[in-house]
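Survey of secondary and tertiary structure
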Amino acid sequence: MVVPIMPFYFIWTIGCQMNRAESERLAGALVRQGYAPATVADAADLIILNTCVVRGHAEDKVLNKLANMRTLKHKHPKMRLAVTGCFVTEDTAALVARFPFVDYFFPAGVVPDWVSLGSQALIERPGICAYVPIIHGCDNFCTYCIVPYRRGREKSRSLADIVQEVRKLVEGGTREVTLLGQNVDSYGHDLPGRSDLANLLAELADLPDLWRLRFLTNHPKDMNTRLIQAMASLEKVCQSVNLPVQAGDDDILKAMHRGYSVAHYRALVAALRNSMPEVVITTDVIVGFPGETEAQFKNTAELLKDLRFASVHVATYSPRAGTVAARLPDDVAPEIKKERLSFIEQQQQAIAGELNAALLGMEIEVLVEGRQGGKWWGRGENDKLVFFTGGEHLSGRLVVVRIDQAGPWSLQGKMGQIVK
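Each chain carries its own residue numbering, running from 1 in the written order of its sequence. Two thresholds apply to this predicted model, a pLDDT of at least 70 for residue-level local features and 80 or more for giving and counting side-chain atom pairs, whereas whole-chain, interface and lining totals are computed over all residues. Note: side-chain values were computed over all heavy atoms of the structure, leaving out hydrogens and water.

Things to note about helix H9 (residues 262–275)
Counted only if it meets this: Put simply, DSSP H or I for four residues or longer makes a helix, DSSP E for two residues or longer makes a strand, and each gets a number counted from the N terminus. Every helix has an expected span of 1.5 Å times one less than the residues it contains. Contacts: residue pairs with any heavy atoms within 4.5 Å of one another.
Taking 1.5 Å as the rise per residue, H9 with 14 residues should run 20 Å; its terminal C-alpha atoms sit 20 Å apart, in good agreement. If you follow the buried residues of H9, they end up packed against helix H7 (225–233), strand S11 (240–242), helix H8 (250–256), strand S12 (280–287) and helix H10 (294–307).

Listed below in structure tokens is the structure:
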């Protein structure tokens, strides 16, 4: 009897959580086609690169990986190579001419026919925590962002499809789901009946074995009172939110085409904290946007100091070809960008350290995701990373941890009772 040889796949992923979710779908579709995962690219029959170009550093990583793949293809000529994600433009002919060793290019968010029978392939082996896309594309066209040009306009998935997918994940053991979109607050605007994110959260909160719900990324111009009320009232919805501000100066926000003012953003943060005093808010910031003066940068730094976010993801501006901002002079010197980045990082490290120090002695319910360095780890409802000692076979369990050490980026403690 001849045993058929099972082909192997390898998926390389960088970028946002949406890319991670889409890679999981590709993996699930490949498993149904008879593939098995390879631990290294060298052992794979099919390699898929799921790419990101939102920052120059990310695009450099993609180009370096493609250079490595050229060498690997020469070594293994029968290996197939596919590229997806935001690196893939509509001009695939130009990509083929530039990278002739790549066998397939396909757009972000697509599961092509040669991989699966359908584009909504579910994850084969769900984890304790899972990402579920609810809306694809973006209609905002922020002047620095390439995403709308690579992922297209907003298109919401139906509420029924999302509920069905989450139910299947929960049946497979998933206990926490994060709903994804470039702008989740726009969910449902294009659907019959205009269901919105608040409706969706309420539907999913009824699933009995789902313990936690999160969602990202939010847009300050679209987050509304109805969603804040849903967060405050639905027990399973975690009271943590990522709310990118990008800049703390009105003129820079206008140049970025963000669609809100600093006053609007401050009021939104106040509304969140008034409705949920324990809410944990994180944000994103770009420094060195074209034309940003020292005074405008200081306005951003002052906003971050005033609002005291749990974490700030800060990046230096880099022009993306095809965006509106790419036509502006990139007139903030690289060394000034680097100084501003460092200032925000140091300021935020101090703030995060102070906020986490206030948690010493407190008990936090942690959803355990795994073990590392002899300690269990997971996240609290507040999305803070917690390492702790004690107990066995805790993956997928909800446990109480008493915090006895606190740093700016994580917490440590000892295990108490098992909740679930």
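Let's pick the thread back up.
Describing the sheet that holds strand S13 (residues 311–316)
Across a sheet, strands are paired by hydrogen bonds formed along the backbone, either parallel or antiparallel in direction. Cut-off, in case you're wondering: When DSSP finds two or more bridges between a pair of strands, those strands are recorded as paired. Interaxial angles span 0 to 180 degrees and are taken between N-to-C directions of axes, which are lines fitted to C-alpha atoms, for helices over the stretch in contact.
If you trace the 3 strands from one edge of the open sheet to the other, you get S11-S12-S13, paired in parallel fashion. Unpaired on one side and paired on the other, S11 and S13 mark the two borders of the sheet. Ignoring which end each strand starts from, the neighbouring axes of this sheet average 15° apart. As defined by bridge partners, S12 adjoins S13 across 6 bridges and the pair is classed as parallel. Paired with Thr 282 across the strands is Ser 311, a residue of S13.

A few points about the packing of helix H6 (residues 197–204) against H7
Worth spelling out the cut-off: Roughly parallel means an angle under 35 degrees; roughly antiparallel means over 145; roughly perpendicular covers 65 to 115; every other angle is labelled oblique. For any helix crossing, the convention is left-handed if the near helix is rotated counterclockwise from the far helix by under a right angle, and right-handed if that rotation is clockwise. In this classification, the charged set is Asp, Glu, Lys and Arg, the nonpolar set is Ala, Val, Leu, Ile, Met, Phe, Trp, Tyr, Cys and Pro, and all remaining amino acids, among them Gly, are polar.
Taken N-terminus to C-terminus, the directions of H6 and H7 make an angle of 20°; their axes are 9 Å apart at the nearest point. With respect to their mutual orientation, H6 and H7 come out roughly parallel. Where H6 crosses over H7, the handedness of that crossing is left-handed. Taken together, the residues of H7 that come into contact with H6 (itself represented by Leu 197, Ala 198, Asn 199 and Leu 201) are Arg 226, Leu 227 and Ala 230. Partitioning the contact of H6 with H7 into residue classes produces 5 nonpolar, 1 polar and 1 charged.

A short note on the pairing of strand S18 (residues 411–418)
Pairing of strand S16 (residues 385–389) with S18 involves 4 bridges; the strand directions are parallel. Bridge pairing links Phe 388 to Gly 413 in S18. Here strand S17 (residues 398–406) pairs with S18 via 6 bridges, running antiparallel. Paired with Val 399 across the two strands is Ile 418, which belongs to S18.

Quick notes on the packing of aromatic side chains
The geometry of an aromatic ring pair is captured by the separation of the ring centres together with the interplanar angle, meaning the angle of the planes. The test is simple: When two rings of Phe, Tyr or Trp (its six-membered ring) have centres within 6.5 Å they constitute a pair, described as stacked for plane angles under 30 degrees, edge-to-face for angles over 60, and tilted for the intermediate range. For each residue, the accessible area found with a 1.4 Å probe, counting protein chains only, is set against the maximum for its type, and the residue is called buried under 20%, exposed over 50%, and partly exposed in between. Two thresholds decide whether a charge sits over a ring: the Lys NZ or Arg CZ must be within 6 Å of the ring centre and within 35 degrees of the ring normal.
On inspection of all chains with the given rule, the structure shows 7 aromatic pairs. An angle of 75° between the planes, with centres 5.4 Å apart, marks the rings of Phe 141 and Tyr 149 as edge-to-face. Assessed through its relative accessible area of 25%, Phe 141 is described here as partly exposed. In textbook terms, an aromatic cluster arises when at least three aromatic residues are bridged by ring pairs, as seen for Phe 87, Phe 99 and Phe 101. Note that Arg 175 overlies the ring of Trp 211, its terminal NZ or CZ placed 5.4 Å from the centroid.

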